[in-house]
Amino acid sequence: MKYAVITGTSRGLGESIAKLLMQQGIHVIGVARHANKSLKKLAQETTGSYQDYACNLANGEETEKIFSIIADQLFKKQTDIVYLIHNAGTVNPINTADKHTVESLNSHVHVNLIAPMITTGVFLKKANKTKIPLIVTSVTSGAADRSVYGWSAYCGTKAGLNRYTTSVALEQDQLATSNKVILFDPSIMDTDMQEEIRSTSKEAFQDVDKFQKYKEEDSLRDTDTVANVLVDILMDSENVVNGEYYSVKDVL
Ligand SMILES: NC(=O)c1ccc[n+]([C@@H]2O[C@H](COP(=O)([O-])OP(=O)(O)OC[C@H]3O[C@@H](n4cnc5c(N)ncnc54)[C@H](OP(=O)(O)O)[C@@H]3O)[C@@H](O)[C@H]2O)c1
């Protein structure tokens with residue numbers, strides 16, 4: 001049995017990854033605040049399966065509890081491999097740093113960075129104990145490597161996620177485990193996140209015109225196309241390179 005745990009499956013890229021993995025016969029567990037009824041329905045037409053867990057990733061204790069329950073469920077004798085995909089993310093708050101509130105920063109950093117850290121730790125512990133191979137994917141962004149006016153929180157957490165991911169990969173390498181930890185950059189996609197970005201004021205986000213043009217000029221990729229690239233990488237699990245930065249731009 002092959003399992004994938006994906007955060008943020010209620011819409012966007014996470015929904016597409018879940019759908020395509022199910023079509024490969026993978027048993028998918030989706031984690032988000034909202035359930036995804038169409039994935040449950042779709043599962044009946046595939047050789048895979050879909051199960052939802054409701055969890056607010058902005059809450060560290062809740063995240064640890066839910067992922068411990070999921071890990072207990074997955075790391076068992078009949079399991080061949082477990083995929084953990086950190087896909088859930090938020091670009092908010094979009095504004096200059098002086099306008100951020102403690103509440104918005106707390107939530108942002110938890111969803112984009114602390115939740116991946118907590119859940120990676122929970123799954124690695126189980127993988128190392130059971131010797132079941134684990135492949136962890138962190139969905140990153142080009143914003144990790146460049147500074148953007150109004151996106152200091154997002155650039156900061158994605159940069160942190162990159163360094164966290166490659167550091168954990170280095171540890172797994174030196175510990176000689178069979179676990180692999182990688183980054184995946186999906187580039188720009190037509191999702192709710194892009195809609196939020198486009199509807200920000202120019203005062204809060206100076207590049208807003210550029211992002212409005214992406215939509216007008218049809219430059220945003222659809223999520224199935226992007227998800228397909230990641231699924232192709234993950235299905236060839238033997239050849240996944242621990243610590244690698246995979247970008248959709250290298251393929252499409
Ligand atoms: N869209 C782009 O152009 C783009 C570009 C580069 C990188 N990315 C990255 O790609 C990933 C997916 O982005 P997307 O565009 O598909 O985003 P999206 O359409 O906004 O969807 C975000 C997903 O994250 C979940 N999520 C957000 N806050 C959560 C919370 N507190 N607890 C649990 N789940 C939460 C949402 O579920 P609920 O609301 O149901 O909780 C939703 O399923 C993100 O990591 C993003 O940073 C996107």
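This report concerns the structure included in the present document. Keep in mind the model is a prediction, meaning the values are calculated, not measured.

**Quick look at helix α1 (residues 12–23)**
Counting along an α-helix, one turn takes 3.6 residues, and residues three or four places apart therefore face a common direction.
For step 1, the next point in the chain: Along its 12 residues, α1 runs 17 Å from first to last C-alpha, staying within 8% of the 16 Å computed at 1.5 Å per residue.
For step 2, the next point in the chain: The complete set of buried residues in α1 reads L13, G14, S16, I17, A18, L20, L21 and M22.
For step 3, the next point in the chain: Backbone geometry just after α1 places G25 at a positive phi near 85 degrees.

**Quick look at the nonpolar core**
For step 1, the next point in the chain: Among the nonpolar cores identified, the biggest contains 32 residues, and I6, I17, L21, V28, I85 and F184 are the most heavily contacted of them.
For step 2, the next point in the chain: Elements that contribute at least two residues to this core include exactly β1 (2–7), α1, α2 (37–43), β4 (81–86), β5 (134–139), β6 (180–185) and α8 (223–235).
For step 3, the next point in the chain: When residues in this core are grouped by element, the largest group, seven residues, is from α8.
For step 4, the next point in the chain: Ignoring anything within four residues of it in the chain, the contact list for I85 reads V5, I6, T7, I17, L21, T137, V139, L230 and L234.
For step 5, the next point in the chain: Among the nonpolar cores identified, the runner-up in size contains 29 residues, and A127, L134, A169 and V181 belong to it.

**Brief notes about the site of the ligand**
For step 1, the next point in the chain: In the region of the ligand, 30 residues are neighbours, and R33, H34, Y154, T191 and Q194 sit closest.
For step 2, the next point in the chain: Side-chain polar atom of R11 to an oxygen atom of the ligand: 2.8 Å apart, as the coordinates give it.
For step 3, the next point in the chain: Compared with its free state, where it exposes 890 Å², the ligand has 97% of that area covered by protein.
For step 4, the next point in the chain: When contributions to the shell around the ligand are tallied by element, the ones reaching two or more residues are α1, α5 (152–174) and α6 (192–198).
For step 5, the next point in the chain: Ranked by the residues each element gives to the shell around the ligand, the list is headed by α6, at three residues.
For step 6, the next point in the chain: Per-class residue counts for the shell around the ligand are 13 nonpolar, 13 polar and four charged.

**Things to note about the packing of helix α3 (residues 60–74) against helix α4 (residues 102–130)**
For step 1, the next point in the chain: Between α3 and α4, the least distance of the axes is 9 Å, while the angle of their chain directions is 35 degrees. Seen along the crossing, α3 lies across α4 with a hand that is right-handed. Residues G60, T63, E64, F67, S68, I70, A71 and D72 of α3 form the contact with α4, whose participating residues are H110, A115, I118, T119, V122, F123 and K126.
For step 2, the next point in the chain: Among the residues making up the contact of α3 with α4, the classes are represented as seven nonpolar, five polar and three charged.

**Side note on α8**
For step 1, the next point in the chain: Compared with an ideal rise of 1.5 Å per residue, which puts 13 residues at 18 Å, α8 spans 18 Å between its outermost C-alpha atoms and is within 8% of the ideal.
For step 2, the next point in the chain: Of the residues making up α8, those classed as buried are T223, V226, A227, V229, L230, V231, I233 and L234.
For step 3, the next point in the chain: Packed against the buried residues of α8 are α1, β4, β5, β6 and β7 (245–247).
For step 4, the next point in the chain: The opening residue of α8, the one whose side-chain oxygen lies 3.1 Å from the backbone nitrogen of D224, is D222.

**Some details on the side chain of Q194**
For step 1, the next point in the chain: Along the polypeptide, Q194 turns up in helix α6.
For step 2, the next point in the chain: For Q194, the contacting residues outside a window of four places in its chain are I188, M189, F211 and L220.

**Looking at the packing of aromatic side chains**
For step 1, the next point in the chain: By the definition in use, this model includes seven aromatic pairs.
For step 2, the next point in the chain: Aromatic side chains W151 and Y154 sit 5.4 Å apart centroid to centroid with 85 degrees between the ring planes, which places their arrangement in the edge-to-face category.
For step 3, the next point in the chain: Take W151: its relative accessible area is 4%, and that puts it in the buried class.
For step 4, the next point in the chain: Ring geometry for W151 and F205: centres 5.1 Å apart, planes at 5 degrees, overall stacked. Taken together, the residues span a long stretch of sequence, with W151 in the loop between β5 and α5 and F205 in the loop between α6 and α7 (208–216) at a distance of 54 residues. Just as W151 is buried, F205 falls in that class too.
For step 5, the next point in the chain: Three or more aromatic residues link up through ring pairs in this structure, and these residues are W151, Y154, F205, F211 and Y214.

**Side note on the sheet that holds strand β2 (residues 27–32)**
For step 1, the next point in the chain: The strand order across the open sheet built from seven strands is β3-β2-β1-β4-β5-β6-β7, with neighbouring strands paired in parallel fashion. With one partner strand each, in any of the chains shown, β3 (49–54) and β7 form the two edges of the open sheet. The mean inter-strand angle of the sheet, taken between neighbouring strand axes irrespective of direction, is 20 degrees.
For step 2, the next point in the chain: Summarising the sheet, β4 and β5 pair through five bridges and their orientation is parallel. Residue pairing for β5: H86 is matched across the bridge by S138.
For step 3, the next point in the chain: Together, β1, β2, β3 and β4 form the strand contacts of α3, whose direction differs from that of β3 by roughly 155 degrees.
For step 4, the next point in the chain: Against the sheet, α5 makes contact with β5, β6 and β7, and its axis sits at roughly 155 degrees relative to β6, the strand it touches most.

Cut-off values and rules
- Residues numbered from 1 in each chain as written.
- Predicted model: local features only at pLDDT ≥ 70, side-chain atom pairs only at ≥ 80, totals over all residues.
- Heavy atoms only, no water.
- Helix = DSSP H or I, 4+ residues; strand = E, 2+ residues; numbered from the N terminus.
- Expected span 1.5 Å × (residues − 1).
- Buried < 20%, exposed > 50% of the residue type's maximum accessible area, 1.4 Å probe, protein only.
- Core = buried A, V, L, I, M, F, W, Y, C linked by side-chain atoms within 4.5 Å.
- Contact = heavy atoms within 4.5 Å.
- Near = heavy atom within 4 Å.
- Polar contact = N/O pair within 3.5 Å; in protein donor to acceptor, adjacent residues only side chain to side chain.
- Areas by Shrake-Rupley, 256 points an atom, 1.4 Å probe, with all protein chains shown as cover.
- Nonpolar A, V, L, I, M, F, W, Y, C, P; charged D, E, K, R; others polar.
- Axes fitted to C-alpha atoms, helices over the stretch in contact; angles between N-to-C directions.
- Left-handed = near helix turned anticlockwise from the far one by under 90°.
- Phe/Tyr/Trp six-rings, centres within 6.5 Å; stacked < 30°, edge-to-face > 60°.
- Pairing = 2+ DSSP bridges.

Just distances and angles here, no functional claims.
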